[in-house]
Every structure is written in structure tokens, then in C-alpha cells.
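What follows is the residue order along each chain.
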Amino acid sequence: MLCAALDSLEPGEFKTAVQIAIDTGRRPEEIVSLPLDCLTRSDDGKAVLLYDNRKAGRDRRRLPVRAGGLPGGGCPRGWKGLPGCMG
């Protein structure tokens, strides 16, 4: 149900946070602590989320973002406007 209503969520930041949760499985407290430069590209051009695993003391972990729903620019749907996401 949430996925079907995703396009109608407001404000845009909330929509982006929900999309990040769907695409990566990150918890809400992890999502709100993401830096603005949390999205980057792997060597083969795929979207990668950079996050800190504070519980294990492992910073700048790289998590591939699922390919479903990516527009032509290669950015996860709803992530447009994040640094590193030019699509």
C-alpha cells in the first residue's frame, strides 16, 4: 500500500526518506542520520548508499541500491536531488 501511495507523499523529504527505506532496508534512525553525500556511484556506475554502521563501529559502509524503479539517469526513484544523483 505504501509503495502505491509513494508519489502522493508530502513533503518531498518524507517521500525520499520512505523511498530510501524501501530501497535499502535502512531503519528510520539510520535514514535521518545520513549525510547529504550519502549517495555515490560504484566503479561500474551503479548507485551505492554510503552509511555509518555505528553499532559495529564501521563507518562509510557501501550498500548497493536495488535496481528496481531506476529512471534513465540511473538514480533510485525518489532520490533525485541528492548529491551524487544527477538523474
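Residues numbered from 1 in each chain as written. Predicted model: local features only at pLDDT ≥ 70, side-chain atom pairs only at ≥ 80, totals over all residues. Heavy atoms only, no water.

Caption draft 1: Examining the overall build of the chain more closely. Across its full length, the chain holds three helices and three strands. Put simply, the chain runs from its N terminus to its C terminus through helices and strands in the order α-α-α-β-β-β. Burial status across the chain gives 32% buried among its 87 residues. Considering only residue pairs separated by 6 or more positions, the chain has 36% of its internal contacts joining residues 24 or more positions apart. Accessible area of the chain: about 5700 Å², with a carbon and sulfur share of 56%. (Helix = DSSP H or I, 4+ residues; strand = E, 2+ residues; numbered from the N terminus. Buried < 20%, exposed > 50% of the residue type's maximum accessible area, 1.4 Å probe, protein only. Contact = heavy atoms within 4.5 Å. Areas by Shrake-Rupley, 256 points an atom, 1.4 Å probe, with all protein chains shown as cover.)

Caption draft 2: Examining the confidence of the model for the chain more closely. Put simply, the chain has an average pLDDT of 76, and 75% of its residues get 70 or more. Note that pLDDT drops below 50 for residues 69–73; the model gives that stretch eight contacts with residues more than four away or on any other chain. (pLDDT = per-residue confidence, 0-100.)

Caption draft 3: Examining the nonpolar core more closely. Grouped together as the largest cluster of nonpolar side chains are ten residues: Ile-20, Ile-31, Leu-34, Cys-38, Leu-39, Ala-47, Leu-49, Tyr-51, Leu-63 and Val-65. Here this core gets three residues from one element, more than from any other, and that element is strand S2 (residues 47–53). Setting aside residues up to four positions removed in sequence, Leu-63 forms contacts with Thr-24, Arg-26, Val-48, Leu-49 and Tyr-51. (Core = buried A, V, L, I, M, F, W, Y, C linked by side-chain atoms within 4.5 Å.)

Caption draft 4: Representation of the environment of Thr-40. With respect to the helices and strands, the residue Thr-40 is situated in strand S1 (residues 39–41). By relative accessible area, which is 25% here, Thr-40 ends up partly exposed. Ignoring any residue separated from it by four or fewer positions in sequence, one finds Thr-40 in contact with Lys-46, Ala-47, Val-48, Leu-50 and Arg-62.

Caption draft 5: Spatial organisation of the sheet that holds strand S3 (residues 58–64). Taken together, the three strands give an open sheet; going across it, the order is S1-S2-S3, and neighbouring strands pair in antiparallel fashion. Both outer strands of the open sheet, S1 and S3, are each paired with one neighbouring strand and no more. Across this sheet, the average inter-strand angle for adjacent strands is 40°, counted without regard to direction. Inspection of the sheet shows S2 paired to S3 by five bridges, in the antiparallel sense. (Pairing = 2+ DSSP bridges. Axes fitted to C-alpha atoms, helices over the stretch in contact; angles between N-to-C directions.)

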